[in-house]
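# A structural walkthrough
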Amino acid sequence: MAHDDGLIRELTTLRRGWGLETEKLRGRLGPLLSGWCELHRTTSDREARRVLREAIAAAMADFPADDRLAVNVALAITPGARHARLSDRVGVLAERLSVSERTARRRIDRAFARLAAEIEAGTRPGEGVPDPDKGWFVKRLKALVRLDTGEPELIEERVIVSTRDGLSRISARFTVPRTEDGGGGGERDVVADAQHGVRIGAPDREGQRHFRWPLDLPRPLARGDSHTYSLVFRIRDGKPIRTSYAFVPLVTCESFTVRVRFHPHRLPRAVWRLDRVPQSVLADPAQPGAALPLDGAGEVAQDFVGPQLGFAYGVRWLAR
């Protein structure tokens, strides 16, 4: 019951004070509840409140009515129970159930223990092979794109957080998109290597331009554990690449930083930021945005907080 205990502690913290109605709700959530609902630190309180309500309601779907009421009252979800103190809400539950306040507290403790067990069971890996694209999120991604080398190179360092117990394998994806004029087609040659933190397996090619590598972690992660690893990708075929670098998160990512280092003899005419751009737009003719200056090393860097799933973030440039 060790992991249930961790969930109970986080749920107990959550029901204090105003419960789900508390200010700065996101800061009150521990890693286990955050991982269960796939919330990150940039999620707004309003969104976190909505997601938690829906997730808790779904987890309690088969609970007895009294247990559902106990959880909803304790967390200030039930109308008429939105008081500033848990002790006042215990009084509300005692009145609704026609029991003493002492008994109402025991009902709350019992219901929360059952809720923790339900969350635990719902997030435990199944009998088959776990999906390496699920069960974790990215706390921080740092990407360095090097265009000053003999072949284009991308170095990624990721800090991931496990959202389930026993996480031992994840995956990495890389795509070489067609250039804006339709060039750079055909089968692409990409190699990947682990700098530290993982063992990388043979790639699964998904078409001519999409790659996926299995990554074995050095030890299984428990839910809430974090781990740092770094990969390097190199495009070896000598064909042209699109004049942009775009990160499209497929799992939750809390923060993302990209730095592009240009060749000193091939500096771009203009560089601009890509921020929440639909993927389909990336293949359109360039529409330069606000110009980003290069520093003395021929580099440009951009930071992104809470990039949304399915949208593109990064930088784009015009070659000379």
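A brief structural summary. These numbers come from a predicted model, not from an experiment. (Residues numbered from 1 in each chain as written. Predicted model: local features only at pLDDT ≥ 70, side-chain atom pairs only at ≥ 80, totals over all residues. Heavy atoms only, no water.)

### Looking at the overall build of the chain
As a reminder of what qualifies: Strands are runs of DSSP state E lasting at least 2 residues, helices are runs of H or I lasting at least 4, and numbering of each runs from the N terminus. Throughout, exposure labels follow a simple rule: accessible area from a 1.4 Å probe, protein chains only, divided by the maximum for the residue type, with under 20% read as buried, over 50% as exposed, and the rest as partly exposed. We call two residues contacting when some pair of their heavy atoms lies within 4.5 Å. Accessibility throughout is a Shrake-Rupley quantity obtained with a 1.4 Å probe, and a residue counts as covered only by protein chains that appear here. His is not counted, nor are the chain ends; Lys and Arg add positive charge and Asp and Glu add negative charge. Working definition for charges: the position is that of NZ of Lys, CZ of Arg, CG of Asp or CD of Glu.
Helix and strand content of the chain: seven helices and 13 strands. Taking the principal axes of its C-alpha atoms as reference, the chain extends roughly 80 × 45 × 30 Å. The buried share of the chain, reckoned over its 320 residues, is 46%. Contacts in the chain between residues at least 24 apart in sequence constitute 71% of all its contacts with a sequence separation of at least 6. Surface summary for the chain: the accessible area is close to 15,900 Å², and the carbon and sulfur share equals 48%. In the chain, which carries 52 positive and 43 negative side-chain charges, the distance between the mean positions of the two groups comes to 3 Å.

### So, helix H5 (residues 65-74)
Counting buried positions along H5 gives seven out of ten residues, so the element sits mostly inside the fold. Every buried residue of H5 is accounted for by Asp-67, Leu-69, Ala-70, Val-71, Asn-72, Val-73 and Ala-74.

### Quick look at the pattern of salt bridges
Operational definition: Within this document, salt bridges are pairs made up of a side-chain nitrogen of Lys or Arg and a carboxyl oxygen of Asp or Glu, the two lying within 4 Å of each other.
Under the definition given, this model contains 20 salt bridges. A salt bridge links Arg-85 to Asp-88; its shortest N-O distance comes to 3.3 Å. The partner of Glu-299 in a salt bridge is Arg-259, with the nearest N and O atoms 3.0 Å apart. Of this pair, Glu-299 sits in strand S12 (residues 299-305) while Arg-259 sits in strand S10 (residues 255-261); the two residues are 40 residues apart in sequence, bridging distant segments of the chain. Glu-299 gets classed as buried once you look at its relative accessible area, which sits at 12%. The exposure class assigned to Arg-259 is partly exposed, which follows from its relative accessible area of 33%.

### Regarding the sheet that holds strand S4 (residues 190-196)
Defined as follows: By the convention used here, strands pair only if DSSP detects at least 2 bridges between them. Only the stretch in contact is used when fitting a helix axis, every axis being a line fitted to C-alpha atoms; angles between N-to-C directions are given from 0 to 180 degrees.
On the basis of which strands lie adjacent, the open sheet formed by six strands has the order S4-S8-S2-S1-S10-S12 and mixed pairing. Here the strands that pair on one side only, and so sit at the sheet edges, are S4 and S12. Shown here is a sheet whose adjacent strand axes are inclined to one another by a mean of 15°, direction ignored. As judged from the six bridges shared by strand S1 (residues 136-146) and S10, these two strands associate in the parallel manner.

### Description of the sheet that holds strand S11 (residues 270-278)
Within the open sheet, the three strands sit side by side as S9-S13-S11. Their pairing is antiparallel. Here the strands that pair on one side only, and so sit at the sheet edges, are strand S9 (244-247) and S11. Ignoring which end each strand starts from, the neighbouring axes of this sheet average 15° apart. Here S11 pairs with strand S13 (residues 311-318) via seven bridges, running antiparallel. The residue of S13 that forms the bridge with Val-277 is Ala-312.

### Re the environment of Arg-234
Let me state the cut-off plainly: Under the rule applied, a polar contact is a pair of N or O atoms within 3.5 Å (in protein, one hydrogen donor and one hydrogen acceptor; residues adjacent in sequence only if both atoms are side-chain atoms).
Along the polypeptide, Arg-234 turns up in strand S8 (residues 226-235). Judged by its relative accessible area of 27%, Arg-234 falls in the partly exposed class. Counting along the chain gives 146 residues from Arg-234 to Asp-88, while the straight-line C-alpha distance between them is 61 Å. The contacts of Arg-234, once residues within four sequence positions are left out, are Glu-151, Pro-152, Glu-153, Asp-189, Val-190 and Val-191. Looking at Arg-234, its side chain comes within polar contact range of the side chain of Glu-153, at 2.9 Å.

### Structural notes on the pairing of S13
Side chains on a regular strand alternate between the two faces of the sheet. Burial within S13 is extensive, with six of its eight residues counted as buried. Inspection of the sheet shows S9 paired to S13 by four bridges, in the antiparallel sense. From the neighbouring strand, Ala-246 faces S13, where its bridge partner is Gly-314.

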